[in-house]
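# Residue-level structure breakdown
Given next are the chains, with one letter for each unit.
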Amino acid sequence: MANAPVETKVRAATSATFLVSLVIAVLNAVAADNALLGPLPSWLQPIVIALLPTGLTFLSGWQAKHTPR
C-alpha cells in the first residue's frame with residue numbers, strides 16, 4: 001500500500017490548497033494590513049481566509065477524475 005499511486009483527485013486537491021494558501025500568504029505579506037479584505041467586516045475576514053482554500057480544494061477534488069485501478 002505504501003507504493004500505491006496517488007490518485008489524481010488527491011493531487012488536484014493538494015495542489016489547489018497549496019497554490020491558494022501561497023497566494024493568500026503573498027498577498028498578506030504585500031498588503032501588510034487588512035486593506036485587501038477591507039470592505040469585509042473584521043470578524044468575517046478570518047472566516048473568508050479559512051473558507052477560500054477549503055472551497056477551492058473541494059471543487060478541484062470534485063472535478064478531477066478518479067485514477068483507474
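Note that the structure is a prediction, hence the values are computed from the model and not measured. The numbers attached to residues start from 1 for each chain and follow its sequence in the written order. Thresholds applied to this predicted model are a pLDDT of at least 70 for local features of residues and 80 or more for the giving and counting of side-chain atom pairs; totals over whole chains, interfaces and linings are not thresholded and use all residues. For side-chain calculations, the full set of non-hydrogen atoms in the structure is used, while hydrogens and water are omitted.

### Notes on the overall build of the protein chain
When helices and strands are counted, the protein chain shows 2 helices and 0 strands. Partly exposed describes any residue whose relative accessible area lies between the buried limit of under 20% and the exposed limit of over 50%, with all areas from a 1.4 Å probe on protein chains only and scaled to the type maximum. Counting across all 69 residues of the protein chain, residues that qualify as buried make up 14%. When contacts within the protein chain are restricted to residue pairs at least 6 apart in sequence, those whose partners lie at least 24 apart make up 83%. Accessible areas in this description were obtained via Shrake-Rupley with a 1.4 Å probe; residue shielding takes into account the shown protein chains only. A total accessible area of about 5,500 Å² is found for the protein chain, and carbon and sulfur atoms account for 72% of it. Note on conventions: DSSP H or I runs of at least 4 residues are helices, E runs of at least 2 residues are strands, and numbering of each starts at the N terminus. Contacts were defined at the residue level, with two residues in contact if any of their heavy atoms lie within 4.5 Å.

### Structural notes on a nonpolar patch on the surface
Taken together, the side chains of Phe-18, Leu-19, Leu-22, Val-26 and Val-30 make up a nonpolar region of the molecular surface, amounting to roughly 510 Å² of accessible area. Along the chain, Leu-22 falls in helix 1 (residues 8-31). Think of a patch as exposed residues, more than 30% relative accessible area, with no salt bridge, where like charges cluster within 9 Å and nonpolar side chains (Val, Leu, Ile, Met, Phe, Trp, Tyr) cluster within 5 Å. We count a salt bridge whenever a side-chain nitrogen from Lys or Arg sits within 4 Å of a carboxyl oxygen from Asp or Glu.

### Regarding the environment of Leu-22
In this structure Leu-22 comes out as partly exposed when scored by relative accessible area, which is 42%. It is 9.9 Å that separates the C-alpha atoms of Leu-22 and Pro-53, two residues lying 31 residues apart in sequence.

### Brief notes about helix 2 (residues 45-63)
Any helix carries an expected span of 1.5 Å times its number of residues minus one. Taking 1.5 Å of rise per residue, 19 residues should cover 27 Å, and helix 2 covers 27 Å from first to last C-alpha, within 8% of that figure. To get the bend at a given residue, fit one axis to the seven residues ending there, fit another to the seven starting there, and take the angle between those axes. Largest kink in helix 2: about 25°, centred on Leu-51, with the proline Pro-53 one to four residues after it. If you check which residues of helix 2 are buried, you get Gln-45, Pro-53, Thr-57, Ser-60 and Gly-61.

### Observations concerning the environment of Ser-15
Along the polypeptide, Ser-15 turns up in helix 1. For the pair Ser-15 and Thr-57, spaced 42 residues apart in sequence, the C-alpha to C-alpha distance is 8.2 Å.

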